[in-house]
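Take a look at the letters that make up each chain.
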Amino acid sequence: MDRSDTYPKWKGGIRTMMARGKAWLDPNSKYAVAHRYQGAGAEILDVGCGLDSARKLKQHAIDAHVDGADIQEYYMTADGKSAMRNYWIFTSQEFNMRLGELPIRYDLIVLSHVIEHVVSPNELILALFRLLKPGGRIYISTPTALSIGFPSLKKGCLNFHDDKTHIQPVDLMTFKQMDPEVVLDRFIPRNYGSWILYFVGLILTPVTLWSKRILPFVWYYYGFESVAIFVKKKNKQDARNG
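This section reports on the structure supplied with the text. Predicted model only: the values in this text are computed from it and were never measured.

Some remarks on the pattern of salt bridges
Now for step 1: Going through the model one piece at a time under the given rule, you end up with nine salt bridges.
Now for step 2: A salt bridge links Arg55 to Asp52, with the nearest nitrogen and oxygen atoms 3.3 Å apart. Neither Arg55 nor Asp52 differs from the other in exposure class; each is buried.
Now for step 3: Two residues, Asp79 and Arg55, come together in a salt bridge whose shortest N-O distance is 3.9 Å. With Asp79 in helix H4 (residues 78-82) and Arg55 in helix H3 (residues 53-58), the pair connects residues that are 24 residues apart, well separated along the chain.

And the structure:
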């Protein structure tokens, strides 16, 4: 199936159900973070919103306004598209610039397994920092640099280089000093999720290594993912108003 095509509704439904479980079992998941923004009127931007990502976020922040931006349509269902208030497709050449021109300011920006595909990650991060409201957060996840030494697969990604669109591993801590108004809130060098997810990943790992095909939760056994959450400082007036 071409990556720009719609993918089956049943598959989107399965992924949505799995996202519900991750919200409770993985406190470092983007879904657990989105759950904090259930209040009416919260503004969320999902950058790299393929695979119905925004739909899965919105089920944890039902009353939030969720926007999505990407460089192409990537395995989306009709339900996935309808979950977004705005759905923007920008070319890779103009992506950072067009994001920087958005008039909306966000309570939460999600950048999940996107930054490793970007030629100029610093430029993208700076553009997203500017889109945060005071007190707003940006969630960034990416493969740990250690994944360059993980086993290589034929289908799916466990070794960083399994995905040929990956450019280079990204050290999320390099973004810590980029903007004096944005500070690090949380950093998880290797996300193991929880003991349940780690244990399920452990059980499924032999099958993954035998079949050379990634299975759900194996990432947790390897601690495949690095996660960082940054928050924009509130000014004094915002702080007084709560």
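Once the structure has been displayed, the description carries forward.
What to know about the side chain of Glu43
Now for step 1: With respect to the helices and strands, the residue Glu43 is situated in strand S1 (residues 43-47).
Now for step 2: Here Glu43 falls in the buried class, since its relative accessible area comes to 12%.
Now for step 3: Among the polar contacts made by the side chain of Glu43, one reaches the side chain of Arg85 at a distance of 2.6 Å.
Now for step 4: When near neighbours in sequence (up to four residues on either side) are disregarded, Glu43 contacts His65, Arg85, Ile104, Arg105, Tyr106, Asp107, Leu108 and Lys133.

Overview of the sheet that holds strand S7 (residues 225-232)
Now for step 1: A sheet is described by the order of its strands in space; here seven strands give the open sequence S3-S2-S1-S4-S5-S7-S6, paired in mixed fashion. The open sheet terminates on both sides in strands that have one partner only, identified here as strand S3 (86-89) and strand S6 (182-191). Across this sheet, the average inter-strand angle for adjacent strands is 15°, counted without regard to direction.

What about a nonpolar patch on the surface?
Now for step 1: Where nonpolar side chains cluster on the molecular surface, the patch consists of Trp24, Leu25, Tyr192, Trp195, Ile196, Tyr198, Phe199, Leu202 and Ile203 and spans about 960 Å² of accessible area.
Now for step 2: Sorting elements by how many residues they give to the nonpolar patch places helix H7 (residues 195-211) first, with six residues.
Now for step 3: Considering the arrangement of structural elements, one finds Trp24 in helix H1 (residues 9-25).
Now for step 4: Relative accessible area serves as the criterion here: at 68%, Trp24 is assigned to the exposed category.

With respect to H7
Now for step 1: The terminal C-alpha atoms of H7 lie 24 Å apart, and with 17 residues this matches the ideal 24 Å at 1.5 Å per residue to within 8%.
Now for step 2: Maximum bend of H7: about 40°, positioned at Leu204, with proline Pro206 one to four residues after it.
Now for step 3: Among the residues of H7, those classed as buried are Leu197, Gly201, Thr205 and Thr208.
Now for step 4: Of the residues one or two after H7, Lys212 is the one with positive phi, at around 60°.

Details of the side chain of Asp107
Now for step 1: Locating Asp107 in the fold gives a position in strand S4 (residues 106-112).
Now for step 2: Here Glu43 takes part through its backbone nitrogen, which lies 2.7 Å from a polar atom of the side chain of Asp107.
Now for step 3: Every residue in contact with Asp107, bar those within four places of it in the chain, is listed here: Tyr37, Gly41, Ala42, Glu43, Lys133, Gly136 and Arg137.

Observations regarding the nonpolar core
Now for step 1: Of all hydrophobic cores here, the largest spans 29 residues; its most connected members are Leu45, Leu99, Ile109, Leu111, Leu128, Ile140 and Phe175.
Now for step 2: For this core, the elements supplying multiple residues, two or more each, are S1, helix H5 (95-100), S4, helix H6 (121-130), strand S5 (132-143) and S7.
Now for step 3: Broken down by element, the residue count for this core peaks at four residues, all from H6.
Now for step 4: Sequence-distant contacts of Leu111, that is, excluding residues within four places in its chain, are made with Val47, Leu124, Ile125, Leu128, Tyr139, Ile140 and Ser141.
Now for step 5: Membership of the second largest hydrophobic core comes to 22 residues, among which are Ala19, Ala54, Ala64 and Val66.

About the cut-offs
- Residues numbered from 1 in each chain as written.
- Predicted model: local features only at pLDDT ≥ 70, side-chain atom pairs only at ≥ 80, totals over all residues.
- Heavy atoms only, no water.
- Salt bridge = Lys/Arg side-chain N within 4 Å of Asp/Glu carboxyl O.
- Buried < 20%, exposed > 50% of the residue type's maximum accessible area, 1.4 Å probe, protein only.
- Helix = DSSP H or I, 4+ residues; strand = E, 2+ residues; numbered from the N terminus.
- Polar contact = N/O pair within 3.5 Å; in protein donor to acceptor, adjacent residues only side chain to side chain.
- Contact = heavy atoms within 4.5 Å.
- Pairing = 2+ DSSP bridges.
- Axes fitted to C-alpha atoms, helices over the stretch in contact; angles between N-to-C directions.
- Patch = residues over 30% accessible without salt bridge, like charges linked within 9 Å, V, L, I, M, F, W, Y side chains within 5 Å.
- Areas by Shrake-Rupley, 256 points an atom, 1.4 Å probe, with all protein chains shown as cover.
- Expected span 1.5 Å × (residues − 1).
- Bend = angle between axes of the 7 residues up to and from the residue.
- Core = buried A, V, L, I, M, F, W, Y, C linked by side-chain atoms within 4.5 Å.

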